Amino acid sequence: MNDLPFQLDPDDATPLYEQIKRQLKELIMSRILLPGSPLPSIRALAEQLKVSVITTRRVYQDLEREGWLRSEQGRGTFVRERSEDEVWAERLKLAEETLRQAVERCQRLGLKTEDIASLLDDLLRS
Amino acid sequence: MLKVRTHNVFDVRDEATIRSQRFDYEGPIVRLDGVSKKFSHFMFGPVDLTLDLKPETVTAIVGTNGSGKTVLLNMLVHWIKPTHGTVYIFGKRYSEAERWIKSRLAYVPDFQEMFYGLTVRDLIKQHERFAPDWDGERFKRLANVFELTSIDVPFEFLSKGNRERALLALMLSRRVPLYILDEPTNGLDLFVRARLYDAWRDMLEEGASILMVSHDVSLLERFADVVVVMHQGRVLGVYEKDALLDDWARFIVEDEQEVRKDCVSHFDACSKEQMTSAGMMALEKGVLSSIVSSDRVKTRAYLSELGYRFQEHRMSLEEIIKALIDFVKEDQRSLHR
């Protein structure tokens, strides 16, 4: 199996577990990983990312619990089929998180609410 | 007519039973209780150590030359008996269950001389005869994968790499829950290593665990899940690899600011425990422009509080292990002062 396009950032202080989980979700949402496609084994993914299987197992288990993945005994782990509504809700959640971080950064730079709003307006128009 | 079975005399159970009986142990596989061994030139221990060695995981023992890594492995397989203390493997002592323990582990020693005079064929016969967990089919596959050819040549005439390949193929063809490997990639070329990794992955995914000693950094970065650091006969600590990678960081102070003297003395004044939790410093190029910390969150907060601008970088596993050992050496020096 070809390696998945992960990029762990050496200067990102976010724990490896969080980085891997977020990126795997993004791969699924951007449909680089299609529903039904098999994922590498936890050991193979750990080797690729140079992290521990303890971490990759936790990522898979969490994403399974959250409905992104399903595992089949003896066959491996696959991307789960999800309804459009579910995917849409997840997209919104992720987008909201991205915007929230951007807004917080703007506020730290000293921008007021109306400054941020008009900036966003300009960006949307361009 | 009475049939005498010379091969597979133990192999009367079906595979599922063997599997469930051998892989059923839960709880820490290795426990050393106040273990020490006195040699004329070297003191091992005292070591108190518990290793879970969970299924599917790889635990790597690292440390400088002469730190006692091989002694530790040899104790786990009962080749060296401790002067004091007790070794428990799968919850049992060798004195009460030697065969029971030895049928659950396979050892590849870094001592090929012990097989001189024997050929690979002799060793296959020994395994067929004595190892109830021997998997002949797996050996055929591995012999193929490792390209074993000269199975009738005595060990002493084989190259180092060929001996290692033969030993790995033999030991990995036992179906046991624990493989103990001493410097397993020594003398192997890049291609054989890649194939060895594939074989290990299969074994791990069957539920086995691997405990190894290795100086091979690329192997550790790729395979190790848990790292045991040894120094001068003692165990400095047992760490989950990702916790090390997440917790340790190098801080580079920007704009040629020097970290103030009172800050340095603050770190110096800490006891060892406080030092590890508060972060530690390393001198680079004469000024304290670079700080290595084992607790990035605390060090980040501390430096910000003091008003420094800095960059924060993750460290490689190799750098972290080196720093860990360096800090202990530094500690010992300051104790002697």
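Scroll up for the structure.
Keep in mind it's a predicted model, so treat the numbers as computed, not measured. (Residues numbered from 1 in each chain as written. Chains lettered and ligands numbered in written order. Predicted model: local features only at pLDDT ≥ 70, side-chain atom pairs only at ≥ 80, totals over all residues. Heavy atoms only, no water.)

Peer 1: Describe the interface of chain B and chain A, and please don't skip the residues or the numbers.
Peer 2: The interface of chain B with chain A comprises 23 residues on the first partner and 22 residues on the second. At the boundary of chain B and chain A, one finds 4 salt bridges. Glu47(A) is paired through a salt bridge with Arg222(B); the nearest N and O atoms lie 3.0 Å apart. Linking chain B to chain A there are 14 residue pairs in polar contact (both at pLDDT 80 or more). Counting residues per element, the ones that place at least two in the side of chain B that touches chain A are helix 7 (190-205), helix 8 (217-223), helix 9 (241-247), helix 12 (296-305) and strand 12 (310-313) of chain B. Top contributing element to the side of chain B that touches chain A by residue count: helix 9 of chain B, with 4 residues. Taken together, the residues of the side of chain B that touches chain A sort by class into 7 nonpolar, 2 polar and 14 charged. (Contact = heavy atoms within 4.5 Å. Salt bridge = Lys/Arg side-chain N within 4 Å of Asp/Glu carboxyl O. Polar contact = N/O pair within 3.5 Å; in protein donor to acceptor, adjacent residues only side chain to side chain. Helix = DSSP H or I, 4+ residues; strand = E, 2+ residues; numbered from the N terminus. Nonpolar A, V, L, I, M, F, W, Y, C, P; charged D, E, K, R; others polar.)

Peer 1: Mind laying out the pattern of salt bridges, listing which residues take part and the relevant values?
Peer 2: Residue and element names in this part refer to chain A. Tallied over the full model, the rule gives 34 salt bridges over all chains. For Glu90, the salt bridge identified is with Lys93, shortest N-O distance 3.9 Å. In this pair, Glu90 and Lys93 are both assigned in helix 4 (residues 84-108), 3 residues apart and thus about one turn of the helix distant. The class of Glu90 is buried, set by a relative accessible area of 14%. The class of Lys93 is exposed, set by a relative accessible area of 55%. Salt bridges linked by common partners bring Lys21, Lys25, Asp62, Arg65 and Glu66 together as one network. (Buried < 20%, exposed > 50% of the residue type's maximum accessible area, 1.4 Å probe, protein only.)

Peer 1: Quick rundown of the packing of helix 6 (residues 160-172) of chain B against helix 7 of chain B? Include the residues and the values.
Peer 2: Residue and element names in this part refer to chain B. Taken N-terminus to C-terminus, the directions of helix 6 and helix 7 make an angle of 10 degrees; their axes are 12 Å apart at the nearest point. Considering their axes alone, helix 6 and helix 7 lie roughly parallel with respect to each other. Counted together, Arg165, Leu168 and Leu172 of helix 6 and Val192, Leu196, Trp200 and Met203 of helix 7 form the full contact between these two elements. Partitioning the contact of helix 6 with helix 7 into residue classes produces 6 nonpolar, no polar and 1 charged. (Axes fitted to C-alpha atoms, helices over the stretch in contact; angles between N-to-C directions. Parallel < 35°, antiparallel > 145°, perpendicular 65-115°, else oblique.)

Peer 1: Can you explain helix 6 of chain B? Please cite residues and give values.
Peer 2: Residue and element names in this part refer to chain B. Here helix 6 spans 18 Å end to end across 13 residues, near enough to the 18 Å set by a 1.5 Å rise per residue. Within helix 6, burial applies to Gly161, Arg163, Glu164, Arg165, Ala166, Leu167, Leu168, Ala169, Leu170, Met171 and Leu172. Those residues of helix 6 hidden inside the fold are in contact with strand 5 (105-108), helix 4 (120-130), helix 5 (136-145), strand 6 (178-182) and helix 7. (Expected span 1.5 Å × (residues − 1).)

Peer 1: Describe the nonpolar core, and please don't skip the residues or the numbers.
Peer 2: Across soluble globular proteins, you tend to see nonpolar side chains buried next to one another. Judged by nonpolar contacts, the single largest core of 80 residues is most densely connected at Leu24(A), Phe139(B), Tyr179(B), Trp200(B) and Trp248(B). When neighbours within four sequence positions are excluded, Leu24(A) is seen to be in contact with Leu4(A), Phe6(A), Leu33(A), Leu39(A), Val59(A), Tyr60(A) and Leu63(A). (Core = buried A, V, L, I, M, F, W, Y, C linked by side-chain atoms within 4.5 Å.)

Peer 1: Please give an account of the sheet that holds strand 1 (residues 30-38) of chain B that cites residues and values.
Peer 2: For sheets, the rule is that strands pair by backbone hydrogen bonds, running either parallel or antiparallel. Residue and element names in this part refer to chain B. Read across the open sheet, the 3 strands follow the order 2-1-4; overall the sheet is antiparallel. Bordering the open sheet on either side are strand 2 (43-51) and strand 4 (84-89), each of which pairs with just one other strand. The sheet shows a mean angle of 15 degrees between the axes of neighbouring strands, taken without regard to direction. Bridge analysis of strand 1 against strand 4 gives 5 bridges, and the strand direction is antiparallel. Note on strand 4: the bridge partner recorded for Leu32 is Val87. The sheet contacts of helix 2 (residues 69-76) involve strand 1, strand 2 and strand 4, and relative to strand 1 the element is tilted by about 120 degrees. (Pairing = 2+ DSSP bridges.)

Peer 1: Mind laying out the pairing of strand 3 (residues 58-63) of chain B, listing which residues take part and the relevant values?
Peer 2: All names here are of chain B. Summarising burial for strand 3: 6 of the 6 residues are buried, a large majority. Alternating residues of strand 3 divide into Val58, Ala60 and Val62 and Thr59, Ile61 and Gly63, and every residue in both groups is buried. Here strand 3 runs beside strand 7 (residues 209-213); their pairing, made up of 4 bridges, is parallel. Counted as the bridge partner of Thr59 is Leu211 from strand 7. Across 5 bridges, strand 3 lies against strand 8 (residues 226-231) in parallel orientation. Note on strand 8: the bridge partner recorded for Ile61 is Val228.

Peer 1: An account of the sheet that holds strand 12 of chain B is needed here, citing residue identities and associated values.
Peer 2: Residue and element names in this part refer to chain B. Across the sheet, 3 strands lie side by side as 11-10-12; this open sheet has antiparallel pairing. Of all strands in the sheet, those with a lone pairing partner are strand 11 (290-293) and strand 12, marking the two edges. With strand direction ignored, the average angle separating the axes of adjacent strands in the sheet is 20 degrees. Two strands pair when backbone bridges link them, and strand 10 (residues 249-253) and strand 11 are joined in this way by 4 bridges, in the antiparallel orientation. Bridging from a neighbouring strand, Ile252 pairs with Ser290 of strand 11.

Peer 1: Quick one: what's the story with the packing of helix 1 (residues 16-29) of chain A against helix 3 (residues 53-65) of chain A, residue by residue and with numbers?
Peer 2: All names here are of chain A. For the pair helix 1 and helix 3, the least separation of the axes is 10 Å and the interaxial angle reads 45 degrees. With respect to each other, helix 1 and helix 3 are oriented oblique. Between helix 1 and helix 3 lies a crossing whose hand is right-handed. Where helix 1 approaches helix 3, its residues Tyr17, Ile20, Lys21, Leu24 and Lys25 are matched on the opposing element by Thr55, Arg58, Val59, Tyr60, Asp62 and Leu63. Residues of the contact of helix 1 with helix 3, tallied by class, amount to 6 nonpolar, 1 polar and 4 charged. (Left-handed = near helix turned anticlockwise from the far one by under 90°.)

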